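# Structural description and commentary
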Amino acid sequence: MATFQEYIQQNEDRDGVRFSWNVWPSSRLEATRLVVNLACLYTPLKEKPDLPAITYDPVMCTRGNCKAILNPLCQVDYRGKLWLCNFCFQRNPFPPQYAGISELNTPAELHPQFSTIEYTLTRSQTLPPIFLLVVDTCVDEDELMTLKESLQMSLSLLPPNALIGLITFGKMVQVHELGCDGIAKSYVFRGTKDFSAKQVQDMLGLGKVGGAGGGGNIPPGQMGQPGMPGMPGQPGPGMPPGSVGPMGGPMGARGPGGQSVLPPSRFLQPVHKCDMYLTDLLGELQRDPWPVQQGKRPLRSTGSALSIAVGLLECTFPNTGARVMLFAGGACSQGPGMVLNDDLKQPIRSHHDIDKDNAKFMKKAMKHYEALASRACTNGHAIDIYACALDQTGLLEMKSCCNTTGGHLVMGDSFGSSLFKQTFQRVFAKDARNEYKMAFNALMEVKTSRELKVCGTIGPCISMNVKGPNVSETELGIGGTSQWKFCALGTNTTPAVFFEVVNQHGAPIPQGGRGHIQFITQYQHSSGQKRVRVTTIARNWADAVTNLPNITAGFDQEAAAVLMARLAAFRADSDEGPDVLRWLDRMLIRLCQKFGGYSKDDPNSFNIAENFSLYPQFMFHLRRSQFLQVFNNSPDETTFYRHMLNREDLTQALIMVQPILYSYSFHGPPEPVLLDSSSIQPDRILLMDTFFQIVIYHGETIAQWRAAGYQNLPEYENFKQLLQAPVDDAQDILTSRFPMPRYIDTEHGGSQARFLLSKVNPSQTHNNMFTYGGSAPTHSDGGAPVLTDDVSLQVFMEHLKKLAVSSTA
């Protein structure tokens, strides 16, 4: 390989892995002195069109506490038909089907280019994916209409064999029966109660089997909410007893007369059987009929509806891939999980209220949603939240539902916006092989060489509490285990995995030794098949005392910046904001002291290697980012931003930390420019991509020409093309990103120019824009001043250099 940069890129393309250090320090002591943790970003389901289709089971190491999978880094004895495990050094015989193996005839899993390989387990049962829609009806007529249209459209995007169910909620919660023709039936639950899975099972008559006398079931008509006779939508008592039995419930359930119980579940039906019925049912959905007094909010039972949805899936499809899709148009205002009351005089909590311990519903609501998330995770069910409202909807309290189950979190202003409509369509996007880009009920296991231990993971997952010899005492993120569960995985889902070097300082590793890590991800593919993806990687060890330049050359500043951003955001959930910033500053100063070249107490002598040079800049933008600065963001927005940072891959996460800025002008082709106020020029159009927003900013002169309509005159065709170029580039980003970013078209002096001005480095502010005597700057490259008291990158770097070279630091 020509350079480390090419090596890093090649490994990301092949294995979906980016390490902070690509040459590992050979002792625990030296690893701690490197400041930045040894860690990696790993994308388990990275799209790889060249993966061979392997339909046999993987070969595992026979040692009980190892069970590593055969990979290209193992030593193979072709004559003795044995292979040596590269993790525990156990000698393992090949199974009988490998009898024909030789140097010229090797299976795919031993080819070096297949360090990532995927097995399809043909013997396991294939299961269709399940989608349970939970729809808020306490929204305006227009909102409900556009939401219904999106849901009806989504039926055509689902796999035909997928199972679908519908729950609607307002003051009451209605579970709709889909297995009946001609009459709409629903079971009504009180929105003020929390229901266990057992209560849901009993009330819906799920899994009940006729007794010895034949009609042992309670007729479903008597299973509505006690004390609520004659509720609209409640089924009548005319249904035959024993007509219910969940798919995935007890096998061989019999109804009266001994026939098999059919249909499998009245509440979850295959799309191809019920799409006409469900389309009509969605079309007839009405707003919540309960009257709302003036000065009051509608009573919305989100917590209760989610509880019933989780309970319904728990007792019909345990441990099967499923998604609960919640569409919320406001905050939960009654029952379990309520985040505010129904009085409009009482606004929803802000960051200020939380700091002053003034959010009285928050802790109880969080506890409710955390319990639901834990139940959903146990059974492999993901919870997606699509929250569209102008005010907050309680995402802060509900965050565990998405953050631990791997579900989507989408925040918008309206169900009628293209942001929601396009994003919802992309949930069902397909890849080059025409397969859905979603996986269910995944389990990721990490195996390591003896010199390494796993500290933890930061990502949309939950711990499986599997202790092993390679689990570290030091926890970072979700630790204390070597296995994590992802109830839903996308092609971009990227957990960060942190490691610890445990080799002692006095026990050197032989020259040329390599450390190994294996990621094993079992998941349910969207086709229903069980698949196992295995990635095995190795890196060289180096003695940091004698070989520090080699370790330094293997530093990946982009991966390190994203890993530090994840750690900082993880800390910010529990620590005070200023404490997290101080921790980040300390880590940056220590890194510069360790790897910078300088003379003591001489800031001008400071220099640092090229592959560290951008790292301080990333930290500067991270300190100013919405992940750590909550000013001007609601708690819901902060929750959404941190959720996205914790699940996206390196490229996307880096854009979130330090947005990209492109310039369009008559002076040449479009070019990337510094994210700096000096880049804002009157004769330029700027395109800024922050991941969450796409901003097109027209400089002062360009804006005046546009207002004068020059682009409509034939002699100014080139100006028309200049205006169109950033729009076309923005469109490319808008069509591919999930969730769809907010599109902002603004100009010099426009109110929405604040999106750009808040992100650029304020190298010019109202404090330094005037020369002595008060005359405005006249030079052409002056850029636009930003009205802020924030320090600029230049001042930040000066202070950093002073602290790094200080003999007292």
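Residues numbered from 1 in each chain as written. Predicted model: local features only at pLDDT ≥ 70, side-chain atom pairs only at ≥ 80, totals over all residues. Heavy atoms only, no water.

## What about the sheet that holds strand S17 (residues 452-458)?
Note the threshold: Pairing between strands is defined by DSSP: at least two bridges between them are needed. Put simply, DSSP marks the helices as runs of H or I at least four residues long and the strands as runs of E at least two long, and each gets a number from the N terminus on. A fitted line through C-alpha atoms serves as each axis, taken over the contacting stretch for helices, and the angle formed by two N-to-C directions is quoted from 0 to 180°.
Strand order in the open sheet formed by four strands is S1-S3-S20-S17, and the pairing between neighbours is antiparallel. Edge positions in the open sheet fall to strand S1 (17-19) and S17, since each of these has one partner strand only. Neighbour to neighbour, the strand axes of the sheet diverge by 25° on average, direction disregarded. Here S17 runs beside strand S20 (residues 496-501); their pairing, made up of six bridges, is antiparallel. Bridge pairing links Val454 to Phe499 in S20.

## Considerations on the pattern of salt bridges
For clarity, the cut-off: Should a side-chain nitrogen of Lys or Arg be within 4 Å of a carboxyl oxygen of Asp or Glu, the pair is scored as a salt bridge. Throughout, exposure labels follow a simple rule: accessible area from a 1.4 Å probe, protein chains only, divided by the maximum for the residue type, with under 20% read as buried, over 50% as exposed, and the rest as partly exposed.
Tallied over the entire structure, the rule returns 30 salt bridges. Two residues, Glu500 and Arg28, come together in a salt bridge whose shortest N-O distance is 2.9 Å. Remark: Arg28 occurs in helix H2 (residues 28-33) and Glu500 occurs in strand S20; sequence separation between them is 472 residues. Judged by relative accessible area, which is 14%, Glu500 ranks as buried.

## Observations regarding the sheet that holds strand S5 (residues 82-84)
With respect to topology, three strands assemble into an open sheet ordered S4-S5-S6, the strand pairing being antiparallel. The sheet terminates laterally at strand S4 (75-77) and strand S6 (91-93), the two strands that pair on one side only. Within the sheet, the average angular offset between the axes of one strand and its neighbour, ignoring direction, is 25°. Taken together, the three bridges between S5 and S6 define a ladder with antiparallel strand orientation. Residue pairing in the sheet places Leu82 in a bridge with Pro93 of S6.

## Structural notes on the nonpolar core
Note the threshold: Definition of nonpolar core: a set of buried residues of the types Ala, Val, Leu, Ile, Met, Phe, Trp, Tyr and Cys, connected through side-chain atoms within 4.5 Å. Any two residues having at least one pair of non-hydrogen atoms within 4.5 Å are treated as being in contact.
Trp21, Ile385, Phe499 and Tyr615 are the most contacted members of the largest nonpolar core, which has 137 residues in total. If one sorts the elements of this core by residue count, helix H12 (residues 557-572) sits on top with 11 residues. When neighbours within four sequence positions are excluded, Phe499 is seen to be in contact with Phe19, Leu38, Ala39, Cys40, Val446, Thr448, Leu452, Lys453, Val454, Cys455, Ile517 and Phe519. The next biggest cluster of nonpolar side chains, apart from the first, holds 32 residues, and it includes Leu133, Ile164, Phe424 and Tyr436.

## Remarks on the pairing of strand S14 (residues 381-388)
Burial of S14 is extensive: eight of the eight residues sit out of reach of the surface. The alternating pattern of S14 places His381, Ile383, Ile385 and Ala387 on one face and Ala382, Asp384, Tyr386 and Cys388 on the opposite face, and all of these are buried. In terms of strand pairing, strand S13 (residues 322-328) meets S14 through seven bridges, oriented parallel. Counted as the bridge partner of Ala322 is His381 from S14. Alignment of S14 against strand S15 (residues 409-412), held across four bridges, turns out to be parallel. Its bridge partner being in S15, Ala387 is matched across the sheet by Met411.

## Comments concerning a nonpolar patch on the surface
Stated formally: Exposure above 30% relative accessible area and no salt bridge define the residues that can form patches, which grow by joining like charges within 9 Å and nonpolar side chains of Val, Leu, Ile, Met, Phe, Trp and Tyr within 5 Å. Note on areas: Shrake-Rupley, 1.4 Å probe, and residue coverage restricted to the protein chains presented here.
Taken together, the side chains of Phe666, Trp705, Tyr710, Leu713 and Tyr716 make up a nonpolar region of the molecular surface, amounting to roughly 430 Å² of accessible area. Looking at the element boundaries, Trp705 is found in helix H17 (residues 700-708). A relative accessible area of 32% means that Trp705 is categorised as partly exposed.

## Digging into the pairing of strand S22 (residues 530-542)
Among the 13 residues that make up S22, 11 are buried, leaving the element largely enclosed by the rest of the structure. As paired strands, strand S2 (residues 23-25) and S22 are joined by three bridges and run parallel to one another. Counterpart to Val23 in the pairing with S22 is Asn540. In this sheet, S22 lies alongside strand S7 (residues 116-121) in antiparallel orientation, the contact comprising six bridges. Bridge assignment links Leu121 to a residue of S22, and that residue is Lys530.

## Observations concerning helix H4 (residues 197-204)
Spelled out, the test is: As used here, the arc belongs to the directions running from the helix axis to the C-beta atoms.
Burial in H4 covers these residues: Ala197, Val200, Met203 and Leu204. The buried residues of H4 occupy an angular sector of 135° when projected down its axis, which confines them to one face. Where H4 is buried, its residues contact strand S10 (172-177), strand S11 (185-190), helix H6 (302-316) and helix H8 (362-378). Directly beyond the C-terminal end of H4, a positive phi value near 70° is found at Gly205.

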